[in-house]
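# Descriptive structure summary
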Amino acid sequence: MSNTEPRKRKRNFAMLNREVIKPGYCVSCGGCEAVCPVYVISIEQLKPKLVGACISCGACVDICLRFKQKVEQPKYPADEIGPILEVYTGKTKDGDIHSRSQNGGIVTTLLLTAMKKGKIDSALVTGHGNDLLSPVPMLALSEFDIRKSSKSKYTLNPVLIKLPSIKLSNKKKVATVGLPCHNETLTNMMDMKNLGADFRVKYKIGLFCMSCYEPVAFRDIISKSLGISAPDLTKTDCARGKFFFEHPDGRIDIKIKECGGAKAEGCKYCQDFAAEFADLSIGNIGVDDDSNIILIRTEAGKELFEFALKDNLLDVKKIDEGKWEETLAPAVKLSSLKRKIAKALAPIESA
Ligand code: SF4
Ligand code: SF4
Ligand code: SF4
């Protein structure tokens, strides 16, 4: 290299820290901890920390969705929500799943059906810690584990830190459930054949997401505004611009916009509402509170959905392509709004 050529910066944790973590772009997806071959990244209090000697392999930089977005500066069309093969609306026919789940219970039904049929041997999901506002990443190995994970979570959750346990437990047919950001980092990992995710992950289920919250600040708002503490919650829901919380004495709600102060910093840069990198995306927008809208995006997503459909476990309606515009309008509107209010990521200093 001549003296006049700029020195290429090392792709290492320092670069990830400088470009993503320090400026507040990190969304605590957990991907960097999972891919580090020498185990020197640890997500602590939802922030990646270096806890040993980095060997500058570049893996954490390469798979991070925010780093990639900074390099590529992708253009997100305002009126589109990603590739779609089929659209359904409806809910599960299983009353027990429906009563435990948020909205239509479709995610839990798809996972349970695939596991019962031996189409998956595990599922990467988010369970609960001590209460419903404490998300805990887990690799579900049984139907019991899947049922336990069925309630919704609204705070940041590094679910991808559990990816190495797929390989360690020698699981080869995994379904993952994650937010749009989880699906994007996971897709980067699959493209790079990292952790065997490319052949172990069979189905990526994405959940619609407008934003996530910092756990401590979110609990504070719930406690101060509603006078209820997280351990008292028995069920949580989100629909029509509100969070609903059930507790032993009844049900209360709060407008989502009243929780804006707890919005996670990294989510302010997010432009993916409808989990565009998933095989199938599920949400509750433009449908009844107790139902889901399901966007089948890939052949894998179609296959997963059809396991439950063919066993008559779903009370769903297929939407004719001519009606997609009308059915999807509320989701497209929210997606466009998210893109409009998202802050821009500063371009990369030097990759
Ligand atoms: S966004 Fe994910 S991969 Fe990127 S730094 Fe944060 S936790 Fe790591
Ligand atoms: S060893 Fe590789 S993955 Fe681990 S921190 Fe360093 S660059 Fe990142
Ligand atoms: S708003 Fe975006 S970055 Fe934040 S949790 Fe949702 S998908 Fe992830």
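Whatever comes next refers back to the structure up there.
Here the structure is a predicted model, which is why all the values come from computation and not from measurement. (Residues numbered from 1 in each chain as written. Chains lettered and ligands numbered in written order. Predicted model: local features only at pLDDT ≥ 70, side-chain atom pairs only at ≥ 80, totals over all residues. Heavy atoms only, no water.)

### Details of the environment of serine 211
Residue position: serine 211 is located in the loop between strand 7 (201-207) and helix 11 (215-226). Linking serine 211 and leucine 179, residues 32 residues apart in sequence, is a C-alpha distance of 9.7 Å. Contacts of serine 211, omitting those with residues within four sequence positions, involve Lys263 and Cys267. In this structure the side chain of serine 211 is engaged in a polar contact, spanning 3.4 Å, whose partner is the side chain of tyrosine 213. (Helix = DSSP H or I, 4+ residues; strand = E, 2+ residues; numbered from the N terminus. Contact = heavy atoms within 4.5 Å. Polar contact = N/O pair within 3.5 Å; in protein donor to acceptor, adjacent residues only side chain to side chain.)

### Some remarks on the site of ligand 3
The immediate surroundings of ligand 3 are formed by Val27, Arg66, Leu179, Pro180, Cys181, Cys209, Met210, Ser211, Cys212, Cys267, Cys270 and Lys338. Partitioning the shell around ligand 3 into residue classes produces 9 nonpolar, 1 polar and 2 charged. (Near = heavy atom within 4 Å. Nonpolar A, V, L, I, M, F, W, Y, C, P; charged D, E, K, R; others polar.)

### Observations regarding the environment of cysteine 57
Take cysteine 57: it is sitting in the loop between strand 2 (47-50) and helix 3 (59-63). The partly exposed category is assigned to cysteine 57, whose relative accessible area is 43%. With residues up to four places along the chain from it excluded, the contact list for cysteine 57 reads Arg11 and Pro37. (Buried < 20%, exposed > 50% of the residue type's maximum accessible area, 1.4 Å probe, protein only.)

### Some details on the sheet that holds strand 6 (residues 174-178)
Judged by pairing direction, the sheet is mixed, and its 8 strands sit side by side in the order 5-4-6-7-11-12-3-13 without closing on themselves. Only two strands of the sheet have a single partner each, and these edge strands are strand 5 (135-140) and strand 13 (314-318). Averaged over all adjacent pairs, the angle separating strand axes in this sheet is 25°, with direction ignored. Relative to strand 12 (residues 292-296), strand 11 (residues 280-283) is paired through 4 bridges, and the arrangement is antiparallel. Each bridged residue has a counterpart across the sheet, and for glycine 283 the counterpart in strand 12 is isoleucine 293. Strands in contact with helix 13 (residues 324-341) are strand 3 (86-92) and strand 12; relative to strand 3, the strand with the most contacts, it is inclined by about 65°. (Pairing = 2+ DSSP bridges. Axes fitted to C-alpha atoms, helices over the stretch in contact; angles between N-to-C directions.)

### Some points on the packing of helix 6 (residues 106-116) against helix 12 (residues 299-310)
Look at helix 6 against helix 12: their axes get within 9 Å of each other, and the N-to-C directions meet at 85°. One finds that helix 6 runs roughly perpendicular with respect to helix 12. Listed contacts from helix 12 to Ile106, Thr109, Leu110, Thr113 and Ala114 of helix 6 are Leu304, Phe305, Phe307 and Ala308. When its residues are assigned to classes, the contact of helix 6 with helix 12 shows 7 nonpolar, 2 polar and no charged. (Parallel < 35°, antiparallel > 145°, perpendicular 65-115°, else oblique.)

### What about the packing of helix 1 (residues 13-21) against helix 4 (residues 65-72)?
In the contact formed by helix 1 and helix 4, the axes pass within 9 Å of each other and the chain directions differ by 75°. By the criterion of interaxial angle, the relationship of helix 1 to helix 4 is roughly perpendicular. In this structure, helix 1 uses Met15, Glu19 and Val20 to contact helix 4, whose residues at the interface are Arg66, Phe67 and Lys70. Along the lines of polarity and charge, the residues of the contact of helix 1 with helix 4 split into 3 nonpolar, no polar and 3 charged.

### Things to note about the packing of aromatic side chains
Evaluation of the coordinates by the stated rule reveals 10 aromatic pairs. For the pair tyrosine 203 and phenylalanine 307, a centre-to-centre distance of 6.2 Å together with 85° between the ring planes defines the contact as edge-to-face. Note that tyrosine 203 is positioned in strand 7 and phenylalanine 307 in helix 12, a separation of 104 residues in sequence. Accessibility expressed as a relative area gives 4% for tyrosine 203, which makes it buried. What makes phenylalanine 307 buried here is its relative accessible area of 13%. The interplanar angle of 50° and the centroid separation of 5.0 Å between the aromatic rings of phenylalanine 208 and phenylalanine 273 together place this pair among those described as tilted. Here phenylalanine 208, found in the loop between strand 7 and helix 11, pairs with phenylalanine 273, found in the loop between strand 10 (250-255) and strand 11; they are 65 residues apart in sequence, far enough to count as distant. With respect to class, phenylalanine 208 is no different from phenylalanine 273; both count as buried. The structure contains a cluster of three or more aromatic residues connected by ring pairs, namely Tyr154, Tyr213, Phe218, Phe243 and Phe245. (Phe/Tyr/Trp six-rings, centres within 6.5 Å; stacked < 30°, edge-to-face > 60°.)

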